[in-house]
Amino acid sequence: MKNNKWIIYVLGTLVGILLYKIISESLSQPGLSVFEGKYEELAFFRNENNTGPVIRVYAIRALDEDLSWMKGFADAQPHTKYGKTLVFFFSRDLNQEIELSPTAPHFPEQFAAFLLAEYEKTPMGESRFLPAKP
């Protein structure tokens, strides 16, 4: 009987430690605040389709041209199952407003010269990050 109580206390302690670890890890994840000062949002488009694929398109002015944070930022954007998320990163030299659309090329061709990188999360959740060709 004493042996059973000891096992219950040990298991209870282990479960408590595991729950604490899971909760603390979940609540301490960094948000978009880690990217502050590195970008400005130029434009955003989301179709109004809530029963089918949701398309999100972001145009971002990159104040820091390091590609690693761009990929991390794009990965952190919302994505809907069977939807598509597109993020276009433009150089800081672009000072005009951009009108985005749900169809390719998603932004006016005149801004292609300012493109630094593009990111796509496909309907099946796979991601592609492509630096722009110089």
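Before reading on, note that the structure itself is shown above.
(A) Up close: the overall build of the protein. Scanning the protein from terminus to terminus reveals two helices and five strands. Burial analysis of the protein (134 residues in total) assigns 28% to the buried set. Counted over contacts in the protein with a minimum sequence separation of 6, partners at least 24 positions apart contribute 57%. Surface exposure of the protein reaches about 9,100 Å², of which carbon and sulfur atoms provide 58%.

(B) Structural context of the pattern of salt bridges. Tallied over the full model, the rule gives four salt bridges. Between R61 and E40 there is a salt bridge; the shortest N-O distance is 2.3 Å. Residue R61 is located in strand 2 (residues 55-62), and its partner E40 is located in strand 1 (residues 39-46); the two are separated by 21 residues in the primary sequence. For the salt bridge of D75 with K71, the shortest nitrogen-to-oxygen distance reads 3.0 Å. With D75 and K71 both in helix 2 (residues 67-75) and four residues apart, the pair spans about one turn of that helix. Residue class for D75 comes out partly exposed when judged on its relative accessible area of 33%. Residues participating in the shared-partner salt-bridge network are K84, E120 and R128.

(C) Layout of the sheet that holds strand 4 (residues 115-121). The mixed open sheet is built from five strands, whose spatial order is 1-2-3-4-5. Whereas interior strands pair on both sides, the edge strands pair on one side only; in this sheet they are strand 1 and strand 5 (127-131). Strand-to-strand twist in this sheet, taken as the mean axis angle between neighbours without regard to direction, amounts to 15°. Against the sheet, helix 2 touches strand 1, strand 2, strand 3 (84-90), strand 4 and strand 5, its axis set at about 35° to strand 4.

(D) Region of the structure containing the pairing of strand 2. Within strand 2, seven of the eight residues are buried, which leaves it mostly tucked inside the rest of the structure. Two elements, strand 1 and strand 2, share seven bridges in a ladder whose sense is antiparallel. Bridge assignment links E41 to a residue of strand 2, and that residue is I60. One ladder, built from seven bridges, connects strand 2 with strand 3; its direction is parallel. From the neighbouring strand, V57 faces strand 3, where its bridge partner is L86.

Conventions we followed
Residues numbered from 1 in each chain as written. Predicted model: local features only at pLDDT ≥ 70, side-chain atom pairs only at ≥ 80, totals over all residues. Heavy atoms only, no water. Helix = DSSP H or I, 4+ residues; strand = E, 2+ residues; numbered from the N terminus. Buried < 20%, exposed > 50% of the residue type's maximum accessible area, 1.4 Å probe, protein only. Contact = heavy atoms within 4.5 Å. Areas by Shrake-Rupley, 256 points an atom, 1.4 Å probe, with all protein chains shown as cover. Salt bridge = Lys/Arg side-chain N within 4 Å of Asp/Glu carboxyl O. Pairing = 2+ DSSP bridges. Axes fitted to C-alpha atoms, helices over the stretch in contact; angles between N-to-C directions.

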